[in-house]
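Spelled out, the chains give:
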Amino acid sequence: MVIPGWMLPHTVSIEAYLGDGPYGPHYAAPVSARAYVEDTVETVRDERGEEVVSSTRVWLHPSQECAPESRMITPSGRVQSVVTSSLLVFPGTPSHREVRLR
């Protein structure tokens, strides 16, 4: 069961991480996406296995891509980095993507 649209009341902007250049990281043009945004502080492991503190949890439609190191602008206007991005599957069907931000 895919997460219904009424459960995604917020809008976020996602800037996909494209890699590092001589002057720092490069990002794609922002893409708007519907989301559920929750400010909650938790310790999570990044893709290198290191513990980091996440200050925000975001749920997105399962088809929305959001790779680690991308940037997200939340409804409050904060620009945050993506720590983890996981596709959650409800018996056989992707239900939503959960993203942790720092």
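Chemist: Describe the overall build of the protein, listing the residues and the values that go with them.
Modeler: Scanning the protein from N- to C-terminus turns up zero helices and eight strands. Ordered by position from N to C terminus, the α and β elements of the protein give β-β-β-β-β-β-β-β. Taking 13 Å as the expected radius of gyration for a compact globule of 102 residues, we find that the protein reaches 13 Å, a close match to that expectation. Seen along its three principal axes, the alpha-carbon backbone of the protein occupies a region of about 45 × 30 × 25 Å. Taking all 102 residues of the protein together, the buried fraction comes to 34%.

Chemist: Could you give an account of the pattern of salt bridges, naming the residues involved and the relevant values?
Modeler: Pairing is possible between side chains that carry opposite charge, provided their charged atoms lie close to one another. On inspection of all chains with the given rule, the structure shows ten salt bridges. A salt bridge links R71 to E15; its shortest N-O distance comes to 2.7 Å. With R71 in strand β6 (residues 71-73) and E15 in strand β1 (residues 10-15), the pair connects residues that are 56 residues apart, well separated along the chain. The partner of R78 in a salt bridge is D39, with the nearest N and O atoms 2.7 Å apart.

Chemist: Explain the packing of aromatic side chains residue by residue, including any values.
Modeler: On inspection of all chains with the given rule, the structure shows two aromatic pairs. Consider the rings of Y36 and W59, whose centres lie 5.6 Å apart with planes at 50°: the pair is tilted. Pair noted here: Y36 is in strand β4 (residues 31-45) and W59 is in strand β5 (residues 51-60), with a separation of 23 residues, a long-range link. Sitting over the ring of Y27, R71 keeps its end group 3.9 Å from the ring centre.

Chemist: Describe the environment of A29, with residues and values.
Modeler: Mapping A29 onto the fold places it in the loop between β3 (24-27) and β4. Look at A29 and you get exposed, because its relative accessible area is 59%. C-alpha of A29 to C-alpha of S13: the two residues are 16 residues apart in sequence and 9.4 Å apart in space.

Chemist: I'd like a rundown of the pairing of β1, residues and numbers included.
Modeler: The pairing of β1 with β4 spans five bridges and is antiparallel. Looking across to β4, one finds that S13 is bridged to S32.

Chemist: Residue-level account of the sheet that holds strand β7 (residues 79-90), with values.
Modeler: Strands sit in the order β1-β4-β5-β8-β7-β6 around a closed barrel of six strands; the barrel is antiparallel. Going across the sheet, the axis of each strand differs from the next one's by a mean of 50°, ignoring polarity.

Criteria and cut-off values
Residue positions within a chain follow its written sequence, with the count starting from 1. With pLDDT at 70 or above as the cut-off, local features in this predicted model cover only qualifying residues; side-chain atom pairs require 80 or more to be listed or tallied, and sums for whole chains, interfaces and linings still use all residues. The side-chain values count all of the structure's non-hydrogen atoms but skip hydrogen atoms and water molecules. Only runs of H or I of at least four residues qualify as helices and only runs of E of at least two qualify as strands under DSSP, and these elements are numbered from the N terminus. Throughout, radius of gyration means the C-alpha value; the globule benchmark is 2.2 Å times the number of residues raised to the power 0.38. For each residue, the accessible area found with a 1.4 Å probe, counting protein chains only, is set against the maximum for its type, and the residue is called buried under 20%, exposed over 50%, and partly exposed in between. Each reported salt bridge corresponds to a side-chain nitrogen of Lys or Arg within 4 Å of a carboxyl oxygen of Asp or Glu. To pair, rings of Phe, Tyr and Trp, with the six-membered ring standing in for Trp, must have centres within 6.5 Å; the planes then decide the type, stacked if under 30 degrees apart, edge-to-face if over 60, and tilted in the middle. Throughout this description, the term charge over a ring refers to an Arg CZ or Lys NZ atom that lies within 6 Å of the ring centre and within 35 degrees of the ring normal. For two strands to pair, DSSP has to find at least two bridges joining them. To obtain an axis, a line is fitted to C-alpha atoms, over the contacting stretch when the element is a helix, and the angle between two such axes runs from 0 to 180 degrees between their N-to-C directions.

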